[in-house]
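# Summary of the model geometry
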Amino acid sequence: MLDVVIVGGGPVGLCLAALLLRERHSVRVLERRGAPGTDSRAIGIHPPALHVLRDAGVHDALLREGVRVPGGVARSRGGVVGSVSFAASTPANPFVLTIPQARTEALLARRVDALDPRALVRGAVVVGLDDGGQVTVSAGGRGMTYRARLVVGADGARSTVRAVAGIRVRGRDYPDSYLMGDFADTGDDGVLAVLYLEAGGIVESFPLPGGMRRWVAHTDTTLHGATAAQLATLIRRRTGVSLEPETNTMLSPFTTRVRRAERMVSGRIILIGDAAHEISPIGGLGMNLGWLDAAALAPVIGAALAGHDPGPLLAAFDRTRRRAAGRAVRQSALNMALGRPLPGPVLAARNAVLRQAFGAPWLNTLAARRFSMQ
Ligand SMILES: Cc1cc2nc3c(=O)[nH]c(=O)nc-3n(C[C@H](O)[C@H](O)[C@H](O)COP(=O)(O)OP(=O)(O)OC[C@H]3O[C@@H](n4cnc5c(N)ncnc54)[C@H](O)[C@@H]3O)c2cc1C
């Protein structure tokens, strides 16, 4: 019998696997996809998550490939509203690292393979769970069954584990839509993150490896079928920045919502990552939150496998991680509110307040800490 089966080999499941394998637990990660993902969804890795990824053994590889973003600037109508530096607030890793999610996942998968080449099982679709002292996981297609002491559902927002365990989700849809795309960096902002607080809605821009930049623009409706040229035009109109549509490598319209599991633990089944809490991508917190779940869960699993009563430990895990998710949900809601369209005079008044706030050192440090998940 295995110690742990992790359902889902996304960034969160792979990170937990690396943390557990390092402690010599027997682990299988069952991943539906037959090949590594290619999605460039999450790009920002915050300092607390970098700390976790150091323990997982991928920190140095990530630093070699990623871009270190030392701070950000907020602009509006051609002027500066304020700026923050991550240096003062995070001495250990004084930056947010940007790297496409697919690369992060590839580095984590490589690390898991190095720790145990049998651990990551691709093409295994989990279809059922049975909690009868041990947990039995049925992986469809190949008709395989795995027995483990504990099962972790890291299988994303539409979690099968969550559904089979009968854990309900609550949440709501936000009115905000965005259009996101990666383009060659044609500007002078270098490694800075930039927020354009404009009347038509926010535009965000972040450096990426390979001379690229991620652009995210608030839109009135979800622009299904939009083209790179349309996003470039929208950005030029709102910010004055010209992009080259032919350099676009990724384009994605998305809506925003929050979904939270009522509990993260049910007997020997534990949820982490998006399976437990799906939050808006604005603010770049979801994947980071999942890694912090993994870091909190790994020692609890270690103690349970060593014979300690897992009940109180898992109850504390459930309580503290759901509280952390609540904080992240509120932070992302605030980030989205900051980016909604506003009539010109209201925007000017709001920006005047923000200018004052960014100018106050303690508020500036607070903002830097909030933006970098401290
Ligand atoms: C546009 C966008 C931008 C984002 N930007 C950021 C950002 O900058 N920073 C940030 O922190 N977060 C960001 N996020 C959120 C981030 O992408 C997610 O929080 C993150 O992917 C969650 O990781 P996960 O491993 O929990 O779930 P997932 O990434 O969803 O991985 C789940 C895995 O489980 C597998 N799986 C599912 N069902 C089964 C099954 N039945 N059997 C076997 N395997 C299964 C899936 O194939 C998948 O590989 C963004 C999201 C979006 C949409």
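The model shown is predicted, which means the values in this text are computed figures rather than measured ones. Along each chain, residue indices are assigned from 1 in the same order as the chain's sequence is written. Thresholds applied to this predicted model are a pLDDT of at least 70 for local features of residues and 80 or more for the giving and counting of side-chain atom pairs; totals over whole chains, interfaces and linings are not thresholded and use all residues.

## Describing the domain arrangement of the protein chain
Here the limits of each domain have been adopted from an automatic or database domain assignment. Considered domain by domain, the protein chain is made up of domain 1 (2-43 + 100-168 + 262-336) and domain 2 (181-256 + 342-371). Distance between the C-alpha centres of domain 1 and domain 2: 32 Å. Taken together, the contact between domain 1 and domain 2 spans 8 residues of the former and 8 residues of the latter. Split by residue class, the side of domain 1 that touches domain 2 holds 5 nonpolar, 3 polar and no charged. For every residue pair, C-beta atoms are placed from the backbone, and the pair is scored as a contact if these atoms sit within 7 Å. Polar here means any residue outside two lists: the nonpolar Ala, Val, Leu, Ile, Met, Phe, Trp, Tyr, Cys and Pro, and the charged Asp, Glu, Lys and Arg; Gly therefore counts as polar.

## What about the packing of helix α1 (residues 11-22) against helix α7 (residues 286-305)?
Between α1 and α7, whose axes approach to 9 Å, the crossing angle comes to 30°. If you check the angle between α1 and α7, you find them roughly parallel. Where α1 crosses over α7, the two elements pack in a sense that is right-handed. Listed contacts from α7 to Pro11, Val12, Cys15, Leu16, Leu19 and Leu20 of α1 are Met287, Gly290, Trp291, Asp293, Ala294, Ala295, Leu297, Ala298 and Ile301. Geometry is summarised by axes, namely lines fitted to C-alpha atoms with helices restricted to the contacting stretch, and by angles between N-to-C directions that run from 0 to 180 degrees. Secondary structure elements follow DSSP: runs of H or I of four or more residues count as helices, runs of E of two or more count as strands, with numbering from the N terminus. Put simply, angles under 35 degrees are roughly parallel, angles over 145 are roughly antiparallel, angles from 65 to 115 are roughly perpendicular, and the rest are oblique. Definitions for this section: a left-handed crossing has its near helix turned counterclockwise from the far helix by less than a right angle. A right-handed crossing has that turn clockwise.

## Observations regarding the pairing of strand β16 (residues 250-261)
Two elements, strand β12 (residues 169-184) and β16, share 11 bridges in a ladder whose sense is antiparallel. Its bridge partner lying in β16, Gly181 is registered against Leu251. The sheet contact formed by β16 and strand β19 (residues 277-278) spans 2 bridges and is antiparallel. In the strand pairing of β19, Arg260 is matched with His277. By this definition, two strands are paired if DSSP reports at least two bridges between them.

## A few points about the site of the ligand
For the ligand, the set of nearby residues contains 35 residues, the closest of which are Gly8, Gly10, Gly156, Gly273 and Gly286. For the shell around the ligand, the secondary-structure elements that each account for two or more residues are α1, β2 (27-31), β9 (125-132), β16 and α7. Its residues assigned to classes, the shell around the ligand comprises 15 nonpolar, 14 polar and 6 charged. Contact assignment follows one rule, namely that a residue is near a molecule or strand if its backbone-placed C-beta atom lies within 6 Å of it.

## Re the packing of helix α2 (residues 47-56) against α7
The N-to-C vectors of α2 and α7 enclose an angle of 45°; their axes lie 9 Å apart at closest approach. Between α2 and α7, the angle is such that the two are oblique. Handedness of the crossing formed by α2 with α7: left-handed. Residues Pro48, Ala49, Val52 and Leu53 of α2 touch α7, and the partners they reach there are Asn288, Trp291, Leu292, Ala294 and Ala295.

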